[in-house]
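# Geometric and topological summary
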Amino acid sequence: MPIEINVKTVSAAEVYTEVAAFRDFYHYHHNHQEFLVALYDEFLPIIREQYGGKIAKPRPIRDLLPQLQGKNPKDFSRYLADTKDDKLSEDDKLFYREFSALFNAKPDFLLICDGLMVWLEVKFWVPFDGKQLQRTQNIADLCSSELFAPVFAKHPNRVVKVGTERHIKAKRDGDFIDWADVAKIAEELLPHGSDNYTAQALKVLVEMDIKKAKATASQSEAD
């Protein structure tokens, strides 16, 4: 789904950083237990498919809530891993590790524009992590579901990587934005063009990447 860029959509765009959607939605939800049970039901089919059957029948969260009372969802996994409860299976521990991760994860940016949620994972030098990207996609899909409709109105989503020329594999696999292109757009659109502080900062970022890439290439040749 493309974004229609015009004055109206841009002026109405929303930008969020370090998006802790699950932590915040849980905190403000009128019924914590109701939310956790609904999230379990929504998340289980997603994560079960991704694990190829390794997560078969984790214990329903409603059965665990009495012993988890007072614990933050981000700590469920750690608590269950340390518990002496011999009724907990490896399925349980694996599922609740992923469940807790939803509350710990904070995708770098969320852009809501023209009825589309664009979740951005941003890297400069280090490579993109496939597991992190899959978790971001899980978060995006859950936020597009009925469960989060009061906040995100079931908007469709896309997960987009923002990186540099060195992220060749990431560029081939899914949506990708190059920092160099961001720098060019900033120069063209921001007030005062190349004299704009943000445009200058982006230019320096790109130049740093080029220098580092050349240094790495030279080192590789020397080796």
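Structure: see above.
The following paragraphs examine the structure supplied in this document. (Residues numbered from 1 in each chain as written. Predicted model: local features only at pLDDT ≥ 70, side-chain atom pairs only at ≥ 80, totals over all residues. Heavy atoms only, no water.)

It is worth spelling out the sheet that holds strand 1 (residues 14-17) at this point. Strand order in the open sheet made by the five strands is 1-2-3-4-5, with mixed pairing throughout. The open sheet terminates on both sides in strands that have one partner only, identified here as strand 1 and strand 5 (176-178). Neighbouring strand axes in the sheet, compared pairwise and without regard to direction, differ in orientation by 25 degrees on average. The pairing of strand 4 (residues 157-163) with strand 5 spans three bridges and is classified as parallel. (Pairing = 2+ DSSP bridges. Helix = DSSP H or I, 4+ residues; strand = E, 2+ residues; numbered from the N terminus. Axes fitted to C-alpha atoms, helices over the stretch in contact; angles between N-to-C directions.)

For the rest of this paragraph, the subject is helix 10 (residues 179-189). When helix 10 is considered as a whole, its buried residues turn out to be Trp-179, Ala-183 and Ala-186. Buried residues of helix 10, viewed axially, fall in a sector of 60 degrees; they line one side. Exposed side chains of helix 10 directed beyond 90 degrees from the buried face belong to Lys-184, Glu-188 and Leu-189. Its side-chain oxygen at 2.8 Å from the backbone nitrogen of Ala-180, Asp-178 defines the N-terminal cap of helix 10. (Buried < 20%, exposed > 50% of the residue type's maximum accessible area, 1.4 Å probe, protein only. Arc of directions from axis to C-beta. Polar contact = N/O pair within 3.5 Å; in protein donor to acceptor, adjacent residues only side chain to side chain.)

Glancing now at the layout of surface pockets. The space that makes up the second largest pocket amounts to roughly 290 Å³. Around the second largest pocket sit 17 residues that line it, and Tyr-16, Val-19, Leu-110, Val-151 and Phe-152 are the ones nearest its centre. Going through the elements one at a time, strand 1, helix 2 (21-28), strand 2 (109-113) and helix 8 (149-152) are the ones with two or more residues in the lining of the second largest pocket. With five residues, the single largest contributor to the lining of the second largest pocket is helix 2. Taken together, the residues of the lining of the second largest pocket break down into eleven nonpolar, two polar and four charged. (1 Å grid on protein atoms, 1.4 Å probe; cavity = no way out; pocket = protein on both sides within 12 Å on 5 of 7 lines; lining within 4 Å. Points joined across faces, edges and corners; volume = space filled by probe spheres on them. Nonpolar A, V, L, I, M, F, W, Y, C, P; charged D, E, K, R; others polar.)

Moving on: the packing of aromatic side chains. Overall, the coordinates contain 17 aromatic pairs when judged by the stated rule. Taking the centre distance of 5.2 Å and the plane angle of 75 degrees together, the rings of Phe-25 and Phe-35 count as edge-to-face. In this pair, Phe-25 sits in helix 2 while Phe-35 sits in helix 3 (residues 32-50), placing the two residues ten residues apart along the sequence. Assigned by exposure class, Phe-25 and Phe-35 land together as buried. Taking 5.1 Å as the distance between ring centres and 70 degrees as the angle between the ring planes, the aromatic pair formed by Tyr-40 and Phe-95 counts as edge-to-face. (Phe/Tyr/Trp six-rings, centres within 6.5 Å; stacked < 30°, edge-to-face > 60°.)

It is the contact of helix 2 with helix 3, at a shortest axis distance of 8 Å, that shows an interaxial angle of 140 degrees. In terms of their interaxial angle, helix 2 and helix 3 are classed as oblique. Contacts from Phe-22, Phe-25, Tyr-26 and His-27 in helix 2 reach His-32, Phe-35, Leu-36 and Leu-39 in helix 3. Counted by class, the contact of helix 2 with helix 3 contains six nonpolar, two polar and no charged residues. (Parallel < 35°, antiparallel > 145°, perpendicular 65-115°, else oblique. Contact = heavy atoms within 4.5 Å.)

Right, let's get into the environment of Leu-133. Take Leu-133: it is sitting in helix 7 (residues 130-143). Apart from residues lying up to four places away in sequence, Leu-133 is in contact with Glu-121, Phe-128 and Lys-161.

Using the criterion set out here, one finds eleven salt bridges in the structure. Two residues, Arg-23 and Asp-24, come together in a salt bridge whose shortest N-O distance is 2.9 Å. For Arg-23, a relative accessible area of 43% gives the class partly exposed. Asp-24 gets classed as partly exposed once you look at its relative accessible area, which sits at 32%. A salt bridge links Lys-154 to Glu-146, with the shortest nitrogen-to-oxygen separation between them at 3.0 Å. A residue is classified by how much of its surface remains accessible, and Glu-146, at 53% relative accessible area, is exposed. Put simply, Arg-97, Glu-98, Lys-131 and Arg-135 are held in one network by salt bridges that share partners. (Salt bridge = Lys/Arg side-chain N within 4 Å of Asp/Glu carboxyl O.)

By themselves, these figures tell us nothing about what the structure is for.
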